[in-house]
Amino acid sequence: MGKTVALDPPTLEWAHRQFQTYYRSTHVEPPARFTRREFAAFPFSVQTLMRRHASFRSAEDLRGFLEEEAPRHVYYSSAYYRNPSDATMVAKEWLGADLIFDLDADHLRQAEGKTYAEQLTLARSRFRDLVDDFLLGDFGFDPRDVTLVFSGGRGFHAHVHADAVLTLSSGERRELVEYILGVGVDPREGVREMREGERGPGLSMGPRSELAGTEAGRPTGVRQRPFQRLAPPDAPGWPGRITRAFFRILTRWEDGGAELAAREMQEAGAHEAVAREWADRLVRQGKGRRIREGLTLDVAAGDFPPELLAQILEQARIDVQGETDAPVTTDIHRLIRLPGSLHGGTGFRVLPLAHEELDRFEPFRDAPVPFAGTSPVDVRLLTDVSYPTFPEATRGKEGETLNLPRATALFLTLRGEARPAAAGAAPTSSRP
Amino acid sequence: MAVRGAPAVADRDLWAKYPFLPGAESLIADYSPSLGELIAGPAYARARELGRIRVRAAADDPTGTAALTELDRADPDERFLSFMYARLLLSVASTTAPGRRWSVAEARRAAERLDEVTERLPMEFTAVARLLGFPVEPSTGGYRLTLADYLRLSAGLREPEFRLVHQRLARGEVEVSAGRAARLLQEGIRVRLSTSLPADLAPEVRNRLQAAELDFLRDLAQRVPMPMQRRGVMVLRAEYFPPCIRKMRRMLEKGENLAHSGRFALAAFLHRSGADFDTIVDAYRGAPDFDESISRYQVEHITQRDGGRGYEPPTCETLRSQGLCFREGDPAAPNAVDRARDALCFEPVLVRPTLYYRLRGGAAVERPAAEAAAGGAAPGPTPSRSGGPG
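Residues numbered from 1 in each chain as written. Chains lettered and ligands numbered in written order. Predicted model: local features only at pLDDT ≥ 70, side-chain atom pairs only at ≥ 80, totals over all residues. Heavy atoms only, no water.

Moving on: the overall build of chain B. Summing up its helical and strand segments, chain B has 20 helices and 4 strands in all. The contacts of chain B with a sequence gap of at least 6 include a subset with a gap of at least 24, amounting to 68%. Accessible area of chain B: about 17100 Å², with a carbon and sulfur share of 53%. (Helix = DSSP H or I, 4+ residues; strand = E, 2+ residues; numbered from the N terminus. Contact = heavy atoms within 4.5 Å. Areas by Shrake-Rupley, 256 points an atom, 1.4 Å probe, with all protein chains shown as cover.)

What follows deals with the overall build of chain A. Assigned secondary structure in chain A consists of 13 helices and 14 strands. The 432 residues of chain A split such that 52% are buried. Sequence-distant contacts in chain A: of pairs separated by 6 or more residues, those separated by 24 or more amount to 66%. When the accessible surface of chain A is summed, it comes to about 19500 Å², and 50% of that surface belongs to carbon and sulfur atoms. (Buried < 20%, exposed > 50% of the residue type's maximum accessible area, 1.4 Å probe, protein only.)

All names here are of chain A. If you check helix α9 (residues 272–284), its first and last C-alpha atoms are 17 Å apart, about what 13 residues at 1.5 Å a residue would give, namely 18 Å. Of the positions making up α9, those classed as buried are A275, W278, A279, R281, L282 and V283. Trailing α9 by a residue or two, G286 shows a phi angle of about 75°, which is positive. (Expected span 1.5 Å × (residues − 1).)

Residues and elements named next belong to chain B. At a minimum axis separation of 11 Å, helix α4 (residues 45–60) and helix α12 (residues 214–222) run at an interaxial angle of 10°. One finds that α4 runs roughly parallel with respect to α12. Contacts between α4 and α12 pair R52, V55, R56 and A59 from the former with F216, D219 and L220 from the latter. (Axes fitted to C-alpha atoms, helices over the stretch in contact; angles between N-to-C directions. Parallel < 35°, antiparallel > 145°, perpendicular 65-115°, else oblique.)

The next point concerns the sheet that holds strand β14 (residues 418–420) of chain A. Residues and elements named next belong to chain A. In space, the 3 strands of this open sheet follow the order β13-β10-β14, with antiparallel pairing throughout. Two strands lie at the open edges of the sheet, namely β13 (401–404) and β14, each paired on one side alone. Across the sheet, the axes of successive neighbouring strands diverge by a mean angle of 35°, strand direction being ignored. The pairing of strand β10 (residues 377–381) with β14 spans 3 bridges and is antiparallel. Note that in β14 the partner of R380 across the bridge is R419. (Pairing = 2+ DSSP bridges.)

Looking now at the sheet that holds strand β5 (residues 99–104) of chain A. All names here are of chain A. The strand order across the open sheet built from 4 strands is β5-β7-β6-β9, with neighbouring strands paired in antiparallel fashion. Every interior strand has two partners, whereas the edge strands, β5 and β9 (351–353), have only one. Between one strand axis and the next, the sheet turns through 25° on average, direction left out of account. Relative to strand β7 (residues 155–160), β5 is paired through 6 bridges, and the arrangement is antiparallel.

All names here are of chain A. Enumeration according to the criterion identifies 34 aromatic pairs over all chains in this entry. Look at F56 and F65: their rings are 5.3 Å apart centre to centre, the planes differ by 45°, and that puts the pair in the tilted class. Ring plane angle 15° and centroid distance 5.0 Å describe the contact between F348 and F411, whose orientation is recorded as stacked. Residue F348 is located in the loop between β8 (335–337) and β9, and its partner F411 is located in helix α13 (residues 406–414); the two are separated by 63 residues in the primary sequence. (Phe/Tyr/Trp six-rings, centres within 6.5 Å; stacked < 30°, edge-to-face > 60°.)

A few words now on the pattern of salt bridges. Evaluated as defined, the whole model comprises 42 salt bridges over all chains. One salt bridge in this structure joins R37 of chain A and D98 of chain A, with 3.0 Å as the shortest N-O distance. Of the two residues, R37 of chain A sits in strand β1 (residues 37–42) while D98 of chain A sits in the loop between β4 (94–97) and β5, which places them 61 residues apart along the sequence. Each member of the pair, R37 of chain A as well as D98 of chain A, carries the same accessibility label: buried. Its salt-bridge partner being D142 of chain A, residue R144 of chain A comes within 2.6 Å of it at the nearest N-O pair. Salt bridges linked by common partners bring R246, K247, R250, D330 and D338 of chain B together as one network. (Salt bridge = Lys/Arg side-chain N within 4 Å of Asp/Glu carboxyl O.)

Residues and elements named next belong to chain B. If you trace the backbone, D338 turns up in helix α18 (residues 336–339). Judged by relative accessible area, which is 10%, D338 ranks as buried. Apart from residues lying up to four places away in sequence, D338 is in contact with R246, R250, G329, D330 and A333.

What follows is about the pairing of β7 of chain A. Residue and element names in this part refer to chain A. In terms of residue burial, β7 counts as a mostly covered element, since 6 of its 6 residues are buried. Where burial is concerned, the two faces of β7 agree: the one with G155, H157 and H159 and the one with F156, A158 and V160 are both buried. In the sheet, strand β6 (residues 146–150) pairs with β7 via 5 bridges, with the strands oriented antiparallel. Counterpart to T147 in the pairing with β7 is H159. Between β6 and the antiparallel strand that follows it, β7, lie 4 residues; G152 among them carries a positive phi value of about 85°.

Another point: the domain arrangement of chain B. When the parts of a complex come together, some accessible area is lost, and that lost area is often used as the size of the interface. All names here are of chain B. Assigned domains within chain B: domain 1 (9–96 + 197–221), domain 2 (109–194) and domain 3 (227–374). Look at where the C-alpha atoms of domain 1 and domain 2 centre, and you get two points 27 Å apart. Taken together, the contact between domain 1 and domain 2 spans 14 residues of the former and 15 residues of the latter. Interface area for domain 1 against domain 2, summed over the two sides, is near 1300 Å², with a carbon-plus-sulfur share of 60%. The three residues of domain 1 that bury the most area against domain 2 are Y18, F20 and P22, which together make up 42% of that side's buried surface. Linking domain 1 with domain 2 are 4 residue pairs in polar contact (both at pLDDT 80 or more), by the criterion used here. (Domains from an automatic or database assignment. Buried area = accessible area lost by both parts, 1.4 Å probe. Polar contact = N/O pair within 3.5 Å; in protein donor to acceptor, adjacent residues only side chain to side chain.)

Our focus in this paragraph is the packing of helix α6 (residues 170–181) of chain A against helix α7 (residues 237–256) of chain A. Residue and element names in this part refer to chain A. Two numbers describe how α6 lies on α7: the axes approach to 11 Å, and their chain directions differ by 25°. Compared by their axis directions, α6 and α7 come out roughly parallel. Along its contact with α6, which presents Y179, I180 and L181, the element α7 presents G237, W238 and R241. Looking at the contact of α6 with α7 residue by residue, the classes come out as 4 nonpolar, 1 polar and 1 charged. (Nonpolar A, V, L, I, M, F, W, Y, C, P; charged D, E, K, R; others polar.)

Low pLDDT marks stretches whose predicted atomic positions should not be read closely. Residues and elements named next belong to chain A. Mean pLDDT over chain A: 81, with 84% of residues reaching 70 or higher. Considering each helix and strand of chain A separately, the mean pLDDT is smallest for helix α11 (residues 306–316), with a value of 75, and largest for β6, with 96. Contacts of residues 322–326 to residues separated by more than four positions or lying in other chains number 5 contacts, the stretch itself having pLDDT below 50. (pLDDT = per-residue confidence, 0-100.)

Time to look at the environment of A275 of chain A. Residue and element names in this part refer to chain A. Examined against the element boundaries, A275 turns out to sit in helix α9. Judged by its relative accessible area of 0%, A275 is buried. Considered as a pair, A275 and F371 are 96 residues apart in the sequence and their alpha carbons are 54 Å apart. If we skip the residues at most four places from it in the chain, A275 touches A262, M265, Q266 and A270.

Here the residue pair L197 of chain B and P198 of chain B is connected by a cis peptide bond, since its omega of -10° sits within 30 degrees of zero. Even without being a glycine, A70 of chain A presents a positive backbone phi close to 40°. Tracing the backbone through its elements, the reader meets A70 of chain A in the loop between α2 (59–69) and β3 (73–81). Even without glycine at this site, F371 of chain A takes up a positive phi of about 45°. Structurally, F371 of chain A is set in the loop between α12 (363–366) and β10.

Put into structure tokens, the structure is as follows:
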């Protein structure tokens, strides 16, 4: 959920009018089973309170509401209820919930220090992996049961509405999240199948039961030296995924050279000498190729640096935890942005995307409202801005006045980076 | 009798062998003229007796490990009817604990058979799975089932090897070994049994049953079931419990009032020795002021603390000061063992009840060594309302 910047009333009023123009000229497609869903809306006006526990009997009712109110943010429940407009969960009577995956650039580790546009590109690529590798791949969901949505902010949502998943409990959904996150996967052991009655892998990324490792959890077999053999890349589950991730890293290093390999290993925390030695082995001495061909790690004396193994896991897992305190997927009462509505922090459309559109999707080109037939708008910049990714590259210094396409003006206004001339002079209180 | 199609006959065969399967109740008509006959007819006295044995054995030993020789000797008809009678009995029982325990025990019993057929009679195994609503398919490595079914069946299992992240998952299907398939189905049977209680009975059937089994039902309601181990954690050995804990349990069983300090000690001890949450709550059912929701709340408080480690059980010294130490023996106890002085309790190293349990050979969760060495003070019991462990 993007941050909502506090704006002065004339500016809000101007932004509200743009939202109204959008909602009056568009047909928002209601989500499946929408009469059983709860809707919630944040208005522009500070006087009006958030509206919750609303439900709509028809698509016309919903559209009428959107045209009338043109709210700043619109959400609907991933859950559907017998009585969606009742105020308490008990009275609502939960019937089921879509399975939602939220991939937000804010929570991607690699996103730190990147611009908004770069973060979105990263999020798009990880989202693509999430959809292809996990949702349509291992989980086997039918593409027709998966709706992909650009959130209008920093991320992407996947809504799965296959019948088989609707009644999954929160705990059952957590298993799916932990599968994607690779919780409990140790690449050092990932290549071996767990034997009957064997305890979980030694290196756990998640909280471990305080009681694990007694009676039932004792290893039964004699341990071979772990991580000597790789599973075939097409092996089911995590063993195959680790091999694939490892191969991707090897390919990148072989293409990029030993220097790149050594640098990346060092960045991952390996000691310089160790990193150099292994980069040399894997790239220059062709051990990488032997690993790939023989599916074996018995290519050199000495153990693999643990940092390299951690890198493989990082490559293979996907951060879908969402906001750490309120994991989206496991919350079966979650409110989620309504596809087709506008994001109140950017003015971008919350845009459903076809699977094949994902790679071609450019948020700054495709998500702004077209506002067909409207004239450009003068805005005064409140700060230095640089958005080269807008189709009309947008740059300027604080205090400058730019004549911009309406959607770009709306974007800067909602982010608190510009003030539309049409909103009049800035009120005294907000002047620097 | 009308001619039936082959699939129907196959289902009927399975119903007799696996009486928990949906639809199996319809077989009662084949064995007994009416429900009334089953409840009161002299011809069915043996089936009723076996039914009571099934319920009582499950209440005493829900892990289902104790062999029921009477049941093994019974003919298939009697076995089937005794299962149905047990289900009737539990449908009119006044508490839910016996039903929960019976579900675990019967699922375990069924799984023993299923475990055999996974390899030998895969057709039978897949048919049972299908009737339970969790279709599986034999595969080279065992059995395959859908991801959603796998999640539903494994959700209640604590063993790390059942976590999805460790499964052979591809294209929406999980492949598991035959042994794990049987374990998963056992869980499906347990859930199916516990959700099928109470059976929907006509009021006159209910009344007749309650009247006919008055004594048995009263005994069942007062019986304080032995705690069960948490799944996949460790084996709970009640015979290794220290004298103080055994005494506390006897008091609650007899409906005597156990002081709050004792209730706290019992819950904390049972949790550390690996008892299942629900069965810890059950331990208080005999208390004169028992209230299910208050007890659950309090046991939850005691067991959930510290990331699930729970409160530290009180030391022997604390228990002695509260008059809850019975190392000298309990003269009122029915068993000689409980009346006798317990030498182990007098060993100088023995400072807390969990240690006694461990020394006797039970597995208990103790404080981490470092913390214990630092002498970290155990948090004391919290003030409580009445009706449960304090």
